[in-house]
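Structural characterization, general
If you want the building blocks of each chain, they are given just below.
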Amino acid sequence: MTPEGLQRAARMLAGAHRVVVSSGAGMSKESGIPTFRDAMEGLWSSFDPQELATVAGFRAAPRRVWSWYAWRRERVGDARPNPGHLALVDLQAHVPRLTVVTQNVDGLHTEAGSADVVELHGNIRRVKCLDRGHPYDGPLPPYARGDEQDPPPCPLCGSPLRPDVVWFGEMLPRDAVERAWSLAERCDVLLIIGTSGTVWPAAELPLVARRHGARIIEVNPEPSELTHAADVFLQGPSGEVLPALVDAVAQARSRADRPPRDVPERARGDA
Ligand code: APR
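Residues numbered from 1 in each chain as written. Predicted model: local features only at pLDDT ≥ 70, side-chain atom pairs only at ≥ 80, totals over all residues. Heavy atoms only, no water.

Quite often, the size of an interface is put as the accessible area lost when its parts meet. One can read the domain layout of the protein chain as domain 1 (3-32 + 81-121 + 172-262) and domain 2 (36-78 + 125-165). On a C-alpha basis, the centroid separation for the pair domain 1 and domain 2 is 30 Å. With nine residues of domain 1 at the interface, the matching set in domain 2 holds eight residues. Both sides of the domain 1 and domain 2 interface together cover about 540 Å² of buried area, and 33% of this is carbon and sulfur. Ranking the residues of domain 1 by area buried against domain 2 places V105, D106 and H121 at the top, with a combined share of 50%. Where domain 1 packs against domain 2, one counts two salt bridges. One can count three residue pairs in polar contact (both at pLDDT 80 or more) joining domain 1 with domain 2. Of the residues assigned to the side of domain 1 that touches domain 2, the class counts are two nonpolar, three polar and four charged. (Domains from an automatic or database assignment. Contact = heavy atoms within 4.5 Å. Buried area = accessible area lost by both parts, 1.4 Å probe. Salt bridge = Lys/Arg side-chain N within 4 Å of Asp/Glu carboxyl O. Polar contact = N/O pair within 3.5 Å; in protein donor to acceptor, adjacent residues only side chain to side chain. Nonpolar A, V, L, I, M, F, W, Y, C, P; charged D, E, K, R; others polar.)

So, on to the sheet that holds strand 4 (residues 122-129). Whether parallel or antiparallel, the strands of a sheet pair through hydrogen bonds between backbone atoms. Ordered in space as 5-4-6, the three strands form an open sheet in which the pairing is antiparallel. Every interior strand has two partners, whereas the edge strands, strand 5 (135-136) and strand 6 (161-165), have only one. With five bridges connecting them, strand 4 and strand 6 associate as antiparallel partners. By the bridge assignment for strand 6, C129 is matched with L161. Against the sheet, helix 4 (residues 62-78) makes contact with strand 4 and strand 6, and its axis sits at roughly 140° relative to strand 4, the strand it touches most. (Pairing = 2+ DSSP bridges. Helix = DSSP H or I, 4+ residues; strand = E, 2+ residues; numbered from the N terminus. Axes fitted to C-alpha atoms, helices over the stretch in contact; angles between N-to-C directions.)

Applying the stated criterion to the full structure yields 15 salt bridges. Linking R162 and E170 is a salt bridge whose minimum nitrogen-to-oxygen distance equals 2.8 Å. Where D231 meets R210, a salt bridge forms, and the shortest distance between an N and an O atom there is 3.8 Å. Within this pair, whereas D231 is found in the loop between strand 8 (215-220) and strand 9 (232-235), its partner R210 is found in helix 8 (residues 205-211), the two being separated by 21 residues in sequence.

A few words now on the packing of aromatic side chains. Overall, the coordinates contain three aromatic pairs when judged by the stated rule. With a centroid separation of 5.5 Å and 45° between ring planes, the pair formed by F58 and W167 is classed as tilted. Pair noted here: F58 is in helix 3 (residues 55-60) and W167 is in the loop between strand 6 and helix 7 (174-186), with a separation of 109 residues, a long-range link. You'll find F58 and W167 in the same group, each marked buried. Seen from their ring centres, W68 and Y69 are 5.0 Å apart, and the 75° between their planes marks the pair as edge-to-face. For the pair W68 and Y69, a shared accessibility class is recorded, and that class is buried. What links up through ring pairs into an aromatic cluster is the set F58, W68, Y69 and W167. The ring of W68 carries the charged tip of R72 above its face, separated from the ring centre by 4.5 Å. A cation sits over an aromatic face here: R162 above W167, 3.8 Å from the ring centre. (Phe/Tyr/Trp six-rings, centres within 6.5 Å; stacked < 30°, edge-to-face > 60°. Buried < 20%, exposed > 50% of the residue type's maximum accessible area, 1.4 Å probe, protein only. Lys NZ or Arg CZ within 6 Å of the ring centre and 35° of its normal.)

So, about the site of the ligand. For the ligand, the set of nearby residues contains 19 residues, the closest of which are A25, H121, T195, S196 and N220. Taking A25, its main chain carries an N or O atom lying 2.8 Å from an oxygen atom of the ligand. Residue G194 places a main-chain N or O atom 3.2 Å away from an oxygen atom belonging to the ligand. Against a free-state accessible area of 730 Å², the protein chains account for coverage of 83% of the ligand. Here the residues of the shell around the ligand sort into five nonpolar, 10 polar and four charged. (Near = heavy atom within 4 Å. Areas by Shrake-Rupley, 256 points an atom, 1.4 Å probe, with all protein chains shown as cover.)

If you want it as structure tokens, here you go:
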């Protein structure tokens, strides 16, 4: 991240009316949440995503898939929002409209205090039944590492409960997609954070915003598939870059509110 890049991004955000944040797994890295691929470690390393994250995989081995998600749910329950999540909460005070559209299923943006969050891939803390999608918010059995558990039955229809996340081959929640796309079409600035830009349709969101005239800022320690579309690339972990960026936005806004001190009176307003 260069100071010039940071200032440029801060000026874009300070002048924006509608901002959309598009976040991915890197956003939660500093909260200790493994990415999907990192979560396929240890006990689970011998499986592939088709076995652990598809309806067919769940039907073939419900105990295994339920237990993998029970283990991940426990880890998410222990995790806390990191300074990047908290900086986005602070950013709400500096832009009139801010919506976070996330691919993450950990619920940490909401836990941090972001007021408007669109979850494109569901939420691992919620469960619903396999056959009818009945939501279930009652107690679930605690998970001990190494355990295998059967998915509990839905109290309404008896079909097995499953995580309320979008598996490979499933449709994204329609309301979430419609809202995210309509916001992307109308925003002034879209901030891409911690995504490789390889999972569609989420990866299209910044491109939609760009086509409709938005400026694009990206935060990531590494270039991604979307870096080519960014006006400003702020290289670094989001837990460090975002607090610095939000400070710079606050300063840019307070400078804009004050007449410049070192300019003679007559020259002001000439620009
Ligand atoms: N801060 C910001 N970005 C980071 C950090 C960090 N501290 N650490 C890593 N990253 C970046 C990586 O450089 C990479 O570009 O986060 C990105 C993570 O990429 P992926 O694991 O591919 O995550 P994502 O783009 O969200 O796609 C994963 O799998 O589980 C599903 O719903 C999930 O659709 C999503 C997909």
